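# Fold and contact review
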Protein chains: 2
Amino acid sequence: MLLHFLPSSRFGQTHPVALLNEFFVLAPMLKVPDHQVAGHTACHGKLGPLIDDSGRFYKPLQDDERGSKELAFYSSFSSNTRIPDHIHRFFPVFYGTQLLEASDGSGLRPHLVLQDLVSDHLNPSIIDIKIGSRTWYPQASEDYVQRCMKKDRETTSLLLGFRISGLRIYGNSESGFWKPEKKHVQEFTLEDVKLVLRKFVSSNSPIDSNSFPDCCFAPSVYGGSAGILAQLLELKAWFEDQTIYHFSSCSVLMLYEKESVMKGKSSGAEIKLIDFAHVVEGRGVIDHNFLGGLCSFIKFVSEILTGPDEHSTEACSQDSEEMHFN
Amino acid sequence: MLLHFLPSSRFGQTHPVALLNEFFVLAPMLKVPDHQVAGHTACHGKLGPLIDDSGRFYKPLQDDERGSKELAFYSSFSSNTRIPDHIHRFFPVFYGTQLLEASDGSGLRPHLVLQDLVSDHLNPSIIDIKIGSRTWYPQASEDYVQRCMKKDRETTSLLLGFRISGLRIYGNSESGFWKPEKKHVQEFTLEDVKLVLRKFVSSNSPIDSNSFPDCCFAPSVYGGSAGILAQLLELKAWFEDQTIYHFSSCSVLMLYEKESVMKGKSSGAEIKLIDFAHVVEGRGVIDHNFLGGLCSFIKFVSEILTGPDEHSTEACSQDSEEMHFN
């Protein structure tokens with residue numbers, strides 16, 4: 001395993017970073033990202049990722065093989081000449097690793113230094129979709145397999161080939177974000193998933209359960225030559241061919257800026273793959289588990305764009321900003 | 001469950017069909033198919049399918065829910081107007097059901113009356129590929145799930161997204177067919193699968209383990225606008241869209257006539273889906289398990305057509321019939 005520590009100018013033993021819970025010291029340099037929708041969070045003295053103001057995301061390497069596997073993946077992927085250029089954009093940029101004080105106060109710990117995917121956004125709406133009907137890989141321990149299998153069967157993974165792991169959907173400047181609790185998200189059904197994917201691109205409040213999502217922004221977020229669907233199809237074409245990696249338990253992060261769309265600007269819609277702690281070698285076989293789940297997700301997005309919708313109102317033909325947002 | 005019994009002119013209580021083991025009576029009417037490569041066979045007084053001389057295949061309905069589920073599928077599929085016309089050709093024609101003396105001597109039993117897929121062929125080479133990394137479906141009993149899962153992990157299903165269930169590959173008029181035993185087929189590894197898919201389209205003997213398969217017939221069997229790959233891609237496009245059925249534990253049967261290719265005629269290469277005893281409703285979700293496995297299989301076939309091959313000889317540029325067949 002190649003542990004590649006980049007030279008550290010801002011963080012190091014001569015200039016230690018304060019513990020996270022000593023906020024007054026940490027504040028100007030590293031902070032807890034507030035846009036995180038799934039995974040471990042660095043709140044209340046727990047171990048989690050941090051960000052800085054320059055657009056970098058610091059993900060602590062876990063002690064067990066998850067840490068070393070994720071680092072091995074980033075090292076391999078970022079230097080692999082068989083990865084087409086246009087595919088790199090679907091992954092966070094990898095800047096190496098850095099020794100940092102961990103957010104849980106446990107001392108210095110190597111962190112992956114990655115691109116902060118939302119640093120250019122003000123109020124991004126985000127959904128984290130864990131892809132694959134199976135989140136375990138054949139070589140894993142029996143205990144791990146059983147735990148994953150249980151969760152795959154309890155969530156929508158087995159049925160849909162993916163599950164929503166977390167989300168935050170922007171409403172407006174007054175209501176802020178809808179960010180359901182983890183427990184609630186884990187209990188999402190097929191119908192919940194459909195609803196959330198509609199709410200993600202709707203002008204009406206995501207919190208209001210009485211109004212059916214109007215999908216006003218679907219054409220500009222999901223549709224178009226640079227929209228989410230086009231990006232997913234590009235990614236799919238790569239997965240039909242690539243036999244280098246199998247992305248077990250990996251997520252597609254989908255994000256865009258609602259306020260930007262409302263102002264008639266670009267949505268900034270994009271997808272990124274994240275979480276590579278369980279990537280294994282493809283050994284000449286395509287990742288049929290990821291590909292199947294990705295195709296299922298693509299079908300859900302397509303249906304919102306093309307399917308008949310008896311619920312939609314004429315709201316979309318009007319100025320949505322005037323109607324719903326002030 | 002609709003049990004639809006077609007009127008029987010040739011078989012019925014007034015004109016009973018003899019038991020299979022009483023060959024002298026049965027011979028002119030029904031016989032055991034010799035082209036079967038997987039599944040239950042009607043030999044030695046066991047229950048299995050029969051064929052007649054008019055191109056029909058009689059598959060006994062099993063007593064448990066498998067029988068009723070397969071009949072329900074054929075009834076639904078054959079009358080479903082949402083199935084595009086060009087997709088019907090990938091399925092055996094369904095002629096209804098018929099009461100027949102079962103091949104195991106257990107008396108009258110309803111049989112599915114289907115198209116005999118190989119009745120037009122003299123010496124077809126056939127591979128039965130069970131598609132999907134998971135051969136069980138979420139609603140199945142825990143016992144069934146565990147049994148399937150064990151087999152999926154022991155065979156190539158989990159790794160490749162498919163497994164070869166059976167095969168027979170024609171060599172020449174002297175050597176006849178290579179038809180490895182079921183136990184041997186179940187133990188196929190990734191490398192075995194690659195080798196078999198090459199042997200299937202090669203001019204050299206499938207039995208000879210010393211000569212590497214030359215893939216002489218790959219362009220005319222796997223390739224071309226009407227070849228296996230083109231058909232698989234057509235099927236794939238449907239699976240990316242259809243949310244009506246989930247084809248658990250279903251097989252793609254791939255067949256062609258080697259002697260025909262050698263004579264410069266059409267290979268007659270085609271794929272057919274078979275075995276629908278575990279088809280369940282799609283409930284608005286694509287069959288991501290089947291699709292993923294199908295894409296993996298497509299990749300294997302594509303690689304034989306396009307991949308570099310250090311083993312190939314110049315045999316293919318010569319008249320293969322003169323070289324290997326007399």
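Residues numbered from 1 in each chain as written. Chains lettered and ligands numbered in written order. Predicted model: local features only at pLDDT ≥ 70, side-chain atom pairs only at ≥ 80, totals over all residues. Heavy atoms only, no water.

Next up on the list: the sheet that holds strand 2 (residues 56-60) of chain B. Residues and elements named next belong to chain B. With antiparallel pairing, four strands are arranged side by side in an open sheet as 1-2-4-3. Two strands bound the open sheet, and with one partner strand each, they are strand 1 (50-51) and strand 3 (94-101). Sitting on the sheet, helix 2 (residues 65-79) touches strand 2, strand 3 and strand 4 (108-115), and the angle it makes with strand 3 is about 150°. (Pairing = 2+ DSSP bridges. Helix = DSSP H or I, 4+ residues; strand = E, 2+ residues; numbered from the N terminus. Contact = heavy atoms within 4.5 Å. Axes fitted to C-alpha atoms, helices over the stretch in contact; angles between N-to-C directions.)

Quick look at the sheet that holds strand 2 (residues 56-60) of chain A now. All names here are of chain A. Taken in spatial order, the four strands line up as 1-2-4-3 in an open sheet, and their pairing is antiparallel. Two strands in the sheet have a free side with no partner beyond their single neighbour: strand 1 (50-51) and strand 3 (94-101). Relative to strand 4 (residues 108-115), strand 2 runs antiparallel, the two sharing five bridges. Note that in strand 4 the partner of Tyr-58 across the bridge is Val-113. Contacts from helix 2 (residues 65-79) reach strand 2, strand 3 and strand 4, with the element oriented near 150° to strand 3.

Glancing now at the nonpolar core. By size, the foremost hydrophobic cluster in this structure holds 136 residues, and its most contacted members are A:Tyr222, A:Phe247, B:Tyr222 and B:Phe247. Counting 18 residues, the second-largest nonpolar core is a separate cluster that includes A:Tyr137, A:Tyr144, B:Tyr144 and B:Val145. (Core = buried A, V, L, I, M, F, W, Y, C linked by side-chain atoms within 4.5 Å. Buried < 20%, exposed > 50% of the residue type's maximum accessible area, 1.4 Å probe, protein only.)

Residues and elements named next belong to chain A. The residue Asp-287 is located in the loop between strand 11 (279-281) and helix 11 (288-306) in this model. Of the buried charged residues, Asp-287 lacks a salt bridge, with Arg-134 as the closest side chain of opposite charge at 5.8 Å. With near-sequence residues (within four places) excluded, Asp-287 lies in contact with Phe-239, Gln-242, Tyr-245, His-246 and Phe-247. (Lys, Arg positive; Asp, Glu negative; His and termini not counted. Salt bridge = Lys/Arg side-chain N within 4 Å of Asp/Glu carboxyl O.)

Aromatic ring pairs are described here by two measures, namely the spacing of the ring centres and the angle between the planes. Applying the stated criterion across every chain, the model contains 52 aromatic pairs over all chains. Feature note: the residues A:Phe73, A:Tyr74, A:Phe77, A:Phe91, A:Phe94, A:Trp238, A:Phe239, A:Tyr245, A:Phe247, A:Phe276 and A:Phe290 constitute an aromatic cluster, connected by ring pairs. (Phe/Tyr/Trp six-rings, centres within 6.5 Å; stacked < 30°, edge-to-face > 60°.)

All names here are of chain B. Relative to the assigned elements, Leu-233 resides in helix 9 (residues 228-239). Take Leu-233: its relative accessible area is 40%, and that puts it in the partly exposed class. C-alpha separation for the pair Leu-233 and His-121, spaced 112 residues apart in sequence, amounts to 24 Å.

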